[in-house]
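Chains, contacts and geometry: an overview
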Amino acid sequence: MKNAQRVALVTGANRGIGFEVCRQLAQQDYQVVLTSRDSAKGLAAVHQLSDEGLPVLFQPLDVTQAASVAALGKFLEEKLGRLDVLVNNAGINLSSQDRDVLTVALDTIERTLATNAFGALRVSQMAVPLMQKNSYGRLVNVSSDMGQLSRLGSSSPAYRLSKVALNVLTRMLADSTRGTDILVNTCHPGWVKTDMGGPGANRSLEQGADTIVWLATLPRGGPNGEFFQDRKRIAW
Ligand code: NAP
């Protein structure tokens, strides 16, 4: 099937890594649905890509809101009739409120999990059944090395917990779709120059999006249920 017939959905795509993933998938001719919880910001991002000759569609999406996810599912089913790629990219890092496991407010943990982990699960529960209708799907969870169990520390507990949970979710989704052409993987994009990464980060948006786009476009028989950085498997 040609890329132009494939539909790719990216969450939290009005800026940062998600925006760049939309650009790179559109450059490969995917029909990209750029989503944002703020419609004005999302439409501005869509206009920026259309000015570059990359027509992408906009849909509002707040991953913490069930009604918002349901409305997007309805749009995909009724207007586009399919979904081939999902990039669960939306994320928050409440760093100023998230210093140490002994002092972090439980509310900070709840809010972070609500977006970074439960949000990804909510969108996946809408998206995977659509993929199953066409027996094809590529699902990429944008995680972090902060969620690597093998190097876990006590700092940033809310963010770390949310990314560990996202990695566990990756394994569960991969198991659930095993034996089909739906591949579910997770990755660390590196330290990327975005609002979250800050200006001191050592990677460009292009570099940060690379492994995500590679996983979103894997050929049949590619890896399933693995954790990647720079297109290479890394330890959980
Ligand atoms: P960013 O520039 O802060 O962008 C985050 C995006 O997520 C924004 O579009 C934001 O929308 C959106 N978002 C937040 N809450 C949302 C919600 N409830 N519903 C929908 N969208 C929501 O961050 P980034 O650096 O591009 O990060 C993207 C992903 O990469 C995140 O999952 C992050 O954890 C991961 N990551 C980043 C780095 C790094 O160095 N930058 C390193 C490791 C992992 P608003 O504009 O409305 O806030």
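The preceding data block contains the structure.
Residues numbered from 1 in each chain as written. Predicted model: local features only at pLDDT ≥ 70, side-chain atom pairs only at ≥ 80, totals over all residues. Heavy atoms only, no water.

1. Observations concerning the site of the ligand
- What surrounds the ligand is a group of 30 residues, the closest being Asn14, Arg15, Tyr159, Val192 and Thr194.
- One of the backbone nitrogen or oxygen atoms of Gly12 is found 3.1 Å away from an oxygen atom of the ligand.
- For the ligand, a nitrogen atom lies 3.0 Å from a polar atom in the backbone of Val63. (Near = heavy atom within 4 Å. Polar contact = N/O pair within 3.5 Å; in protein donor to acceptor, adjacent residues only side chain to side chain.)

2. Regarding the packing of helix H1 (residues 16-27) against helix H6 (residues 205-216)
- At a minimum axis separation of 9 Å, H1 and H6 run at an interaxial angle of 60°. Overall, the two elements H1 and H6 adopt an arrangement that is oblique. Crossing of H1 against H6: the hand is right-handed. Facing Gly16, Ile17, Glu20, Val21, Gln24 and Leu25 of H1, the residues of H6 in contact are Leu205, Glu206, Gly208, Ala209, Asp210, Ile212, Val213 and Ala216.
- Among the residues making up the contact of H1 with H6, the classes are represented as eight nonpolar, three polar and three charged. (Axes fitted to C-alpha atoms, helices over the stretch in contact; angles between N-to-C directions. Helix = DSSP H or I, 4+ residues; strand = E, 2+ residues; numbered from the N terminus. Parallel < 35°, antiparallel > 145°, perpendicular 65-115°, else oblique. Left-handed = near helix turned anticlockwise from the far one by under 90°. Contact = heavy atoms within 4.5 Å. Nonpolar A, V, L, I, M, F, W, Y, C, P; charged D, E, K, R; others polar.)

3. Here we look at the pattern of salt bridges
- Throughout the structure, instances matching the rule amount to 15 salt bridges.
- Between Asp84 and Arg82 there is a salt bridge whose closest N-O contact spans 2.7 Å.
- Note on Asp84: relative accessible area 0%, which makes it buried.
- Residue Asp175 pairs with Arg178 through a salt bridge whose shortest N-O separation is 3.5 Å.
- In this structure, a network of salt bridges that share partners links the residues Arg6, Arg82 and Asp84. (Salt bridge = Lys/Arg side-chain N within 4 Å of Asp/Glu carboxyl O. Buried < 20%, exposed > 50% of the residue type's maximum accessible area, 1.4 Å probe, protein only.)

4. Focus on the environment of Leu149
- Relative to the helices and strands, Leu149 resides in the loop between strand E5 (137-142) and helix H5 (157-176).
- Measuring from C-alpha to C-alpha, the distance between Leu149 and Arg138 comes to 25 Å, with eleven residues separating the pair along the chain.
- Here Leu149 is in contact with Val164 and Trp236, once residues within four sequence places are set aside.

5. What about the packing of aromatic side chains?
- Summed over all chains, the structure comprises two aromatic pairs.
- Relative to Phe228, the ring of Trp214 has its centre 5.3 Å away and its plane inclined at 80°; by these criteria the two rings are edge-to-face. Here Phe228 lies in strand E7 (residues 227-229) and Trp214 lies in helix H6, a separation of 14 residues in the sequence.
- A relative accessible area of 2% means that Phe228 is categorised as buried.
- The interplanar angle of 25° and the centroid separation of 5.3 Å between the aromatic rings of Phe227 and Trp236 together place this pair among those described as stacked.
- The side chain of Arg6 reaches across the aromatic face of Tyr136, ending 3.6 Å from its centre. (Phe/Tyr/Trp six-rings, centres within 6.5 Å; stacked < 30°, edge-to-face > 60°. Lys NZ or Arg CZ within 6 Å of the ring centre and 35° of its normal.)

6. So, the sheet that holds strand E2 (residues 31-36)
- Taken in spatial order, the eight strands make up an open sheet running E3-E2-E1-E4-E5-E6-E7-E8, and their pairing is mixed. In this open sheet, the two edge strands, each paired with only one partner strand, are strand E3 (57-60) and strand E8 (232-233).
- Direction of pairing for E7 relative to E8: antiparallel, over a ladder of two bridges. Directly across from Phe228, in E8, lies its bridge partner Arg233.
- Here helix H4 (residues 106-133) sits on the sheet and contacts strand E1 (7-10), strand E4 (85-88), E5 and strand E6 (182-187); the angle it forms with E4, its principal contact strand, is near 170°. (Pairing = 2+ DSSP bridges.)

7. Some thoughts on the layout of surface pockets
- Here the largest pocket is characterised by a volume of approximately 930 Å³.
- Lining the largest pocket are 41 residues, and of these Asn89, Gly91, Ile92, Thr194 and Met196 lie nearest its centre.
- Of all the secondary-structure elements, those providing two or more residues to the lining of the largest pocket are H1, E2, H4 and H5.
- Looking at the lining of the largest pocket residue by residue, the classes come out as twelve nonpolar, 18 polar and eleven charged. (1 Å grid on protein atoms, 1.4 Å probe; cavity = no way out; pocket = protein on both sides within 12 Å on 5 of 7 lines; lining within 4 Å. Points joined across faces, edges and corners; volume = space filled by probe spheres on them.)

8. Thoughts on the nonpolar core
- Ranked by size, the top nonpolar core spans 32 residues in total, and within it Val21, Leu25, Leu34, Val87 and Ile212 carry the most contacts.
- Among the elements of the structure, E1, H1, E2, helix H2 (39-51), E4, E5, E6 and H6 are those that each provide at least two residues to this core.
- It is H1 that provides the largest number of residues to this core, a total of six residues.
- Sequence-distant contacts of Val87, defined by excluding residues within four places in its chain, comprise Leu9, Val10, Thr11, Val21, Val140, Val142, Ile212 and Ala216. (Core = buried A, V, L, I, M, F, W, Y, C linked by side-chain atoms within 4.5 Å.)

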